[in-house]
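Observations on chain architecture
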Amino acid sequence: MSILHCTNNGWFISHCELINNFYINVDKGESHKTFKLNPNLFKIVSPFQDLTKKSTRKRKNESHSLDHHNLHQCIEHVQKSYQQFVVELSRFLLPKVKEFSKSANIEALETSATVYAESGRPNIANITGGNDDQAKLVEINDSCFLFPNNCRFYCKDVAEINDHFIDEQFDLIVLDPPWWNKYVRRKKAKTNDGYQMMFNDNIKELPVERLLGESGTVVVWCTNSNQHLEAVQNEFFPKWKVKFVARLFWLKVTQTGETVCKFSEPPGKQPFEQIIIGSRDEGPDWQFFNDKLIVSIPSALHSHKPPLIEILKTHLPEDPKCLEIFARYLLPNWTSWGLEAIRFQHLSVYEKF
């Protein structure tokens with residue numbers, strides 16, 4: 001189980017616990033081994049102070065108070081909910097320490113850098129495949145990858161998705177889009193790091209309406225940009241023929257329960273992201289789901305989001321068909337699509353036991 005604690009305010013979850021359950025008995029051909037996510041990736045023991053520094057760069061359109069009104073309300077809601085929540089989490093967290101050294105998160109950051117270097121070496125472009133059997137270790141282009149049971153993947157550009165799943169539909173579609181972001185564009189230009197970003201109009205044109213089943217649900221991971229949030233609800237969802245039913249907040253905390261960065265004045269960095277849910281089934285149960293928190297210690301790997309399947313399963317049919325678009329790892333019984341759909345299946349992300 002990934003849900004460690006549940007309250008009226010939301011859930012405290014463990015990314016590690018759920019993923020580790022998939023690789024307890026991995027087929028290595030002549031033997032079986034257990035693999036776990038490298039625990040160093042989750043050794044976030046103190047806030048990232050650099051995230052709270054104010055940029056000296058003047059951004060355009062940031063003085064529009066109406067643009068930030070909704071975000072102010074979100075910040076107040078998340079702060080208030082977590083103040084009530086954190087009291088109940090003491091048995092899951094490390095004791096609070098008043099001061100940490102600047103290198104407190106060094107193991108997580110160093111492990112992350114190693115994973116990025118090693119997982120980026122093999123060429124996985126245009127590879128497709130899957131696993132119909134138990135979890136196994138597979139060699140691709142001289143590198144090893146872990147595959148969970150009953151999974152499919154397509155390491156392809158989303159522009160090609162229209163050529164697939166012609167007569168197939170899904171009960172759940174999850175998207176973590178590479179939102180257009182000027183900061184990431186500047187970083188990519190300077191360091192050749194980052195990822196391929198997409199404009200909102202291109203994301204909207206994904207054939208979600210065709211791929212989604214009659215009572216299907218769409219989940220979109222979103223930044224706190226008012227522009228992106230409005231696009232999801234007012235443009236994407238009508239095009240995809242779903243209606244907004246709920247919003248969740250993923251709050252990222254350290255192992256001591258502090259938020260990974262301070263809450264700041266918009267448009268500053270926040271310690272939470274928003275999860276926007278649309279569905280073709282507008283049942284009344286969704287209203288009890290709305291505005292809750294999903295609290296977890298995040299992975300140091302960028303875009304390594306925690307799986308949401310255990311939280312969403314009460315709103316899904318038994319044995320649902322699930323698709324993740326812009327995926328970077330695999331899940332049992334899921335189809336994963338993305339340029340790097342198996343990147344975080346690379347053996348460098350795991351430890352063998």
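These figures come from a predicted structure and were not determined experimentally. (Residues numbered from 1 in each chain as written. Predicted model: local features only at pLDDT ≥ 70, side-chain atom pairs only at ≥ 80, totals over all residues. Heavy atoms only, no water.)

Per the secondary structure count, the chain includes eight helices and 17 strands. The 353 residues of the chain split such that 50% are buried. Looking at the chain alone, contacts between residues at least 24 apart form 74% of all its contacts between residues at least 6 apart. In the form shown here, the chain has an accessible surface area of approximately 18,100 Å², with 47% of it arising from carbon and sulfur atoms. (Helix = DSSP H or I, 4+ residues; strand = E, 2+ residues; numbered from the N terminus. Buried < 20%, exposed > 50% of the residue type's maximum accessible area, 1.4 Å probe, protein only. Contact = heavy atoms within 4.5 Å. Areas by Shrake-Rupley, 256 points an atom, 1.4 Å probe, with all protein chains shown as cover.)

Glancing now at the pattern of salt bridges. All chains considered together, the criterion is met by 13 salt bridges. With a closest N to O distance of 3.6 Å, Glu273 and Lys305 form a salt bridge. Highlighted residues: Glu273 in strand S13 (residues 272-279) and Lys305 in the loop between strand S14 (293-296) and helix H8 (309-312), separated in sequence by 32 residues. Comparing Glu273 with Lys305 shows no difference in burial state: the two are buried. Notably, a salt bridge pairs Glu340 with Arg343, separated by 2.7 Å at the nearest N-O pair. When salt bridges with common partners are traced through the structure, they connect Asp176, Lys252, Glu273 and Lys305 into a single cluster. (Salt bridge = Lys/Arg side-chain N within 4 Å of Asp/Glu carboxyl O.)

Here we come to the sheet that holds strand S10 (residues 170-175). If you walk across this open sheet you meet the eleven strands as S1-S2-S14-S12-S13-S11-S10-S15-S16-S9-S6, and the pairing is mixed. Pairing within the sheet leaves two strands with one partner each, and these edge strands are strand S1 (3-7) and strand S6 (128-131). Strand after strand, the sheet turns through a mean of 15° between neighbouring axes, direction not considered. Where S10 and strand S15 (residues 322-325) come together, four bridges link them in parallel fashion. For Ile173, the partnering residue across the bridge sits in S15 and is Leu323. On top of the sheet, helix H7 (residues 226-240) reaches S10, strand S11 (212-222), strand S12 (243-252) and S13; it is set at about 165° to S11, its chief contact. (Pairing = 2+ DSSP bridges. Axes fitted to C-alpha atoms, helices over the stretch in contact; angles between N-to-C directions.)

In a regular helix each residue adds 1.5 Å, so 15 residues correspond to 21 Å; H7 covers 20 Å between its end C-alpha atoms and thus fits that length. At Val232, H7 is deflected by roughly 40°, the largest bend along its length. Burial in H7 covers these residues: Asn226, His228, Leu229, Ala231, Val232, Phe236, Phe237 and Trp240. The positive-phi residue at the C-terminal boundary of H7 is Lys241, with phi of around 60°. (Expected span 1.5 Å × (residues − 1). Bend = angle between axes of the 7 residues up to and from the residue.)

To continue, consider the confidence of the model for the chain. Scored by pLDDT, the chain has a mean of 89; 88% of the residues are at 70 or more. Of the regions scoring below 50 in pLDDT, residues 51-64 engages in ten contacts with residues more than four places distant in sequence or in other chains. Overall, residues 185-194 carries pLDDT values under 50, and its contacts beyond four positions in sequence, including any with other chains, amount to nine contacts. (pLDDT = per-residue confidence, 0-100.)

Next up on the list: the nonpolar core. The biggest cluster of nonpolar side chains holds 61 residues, and the ones touching the most others in it are Tyr23, Leu172, Ile275, Ile277, Phe289 and Ile294. In this structure, Tyr23 is in contact with Lys33, Thr34, Phe35, Ala135, Leu146, Phe147, Pro148, Leu330, Gln345 and Tyr350, ignoring residues within four places of it in sequence. (Core = buried A, V, L, I, M, F, W, Y, C linked by side-chain atoms within 4.5 Å.)

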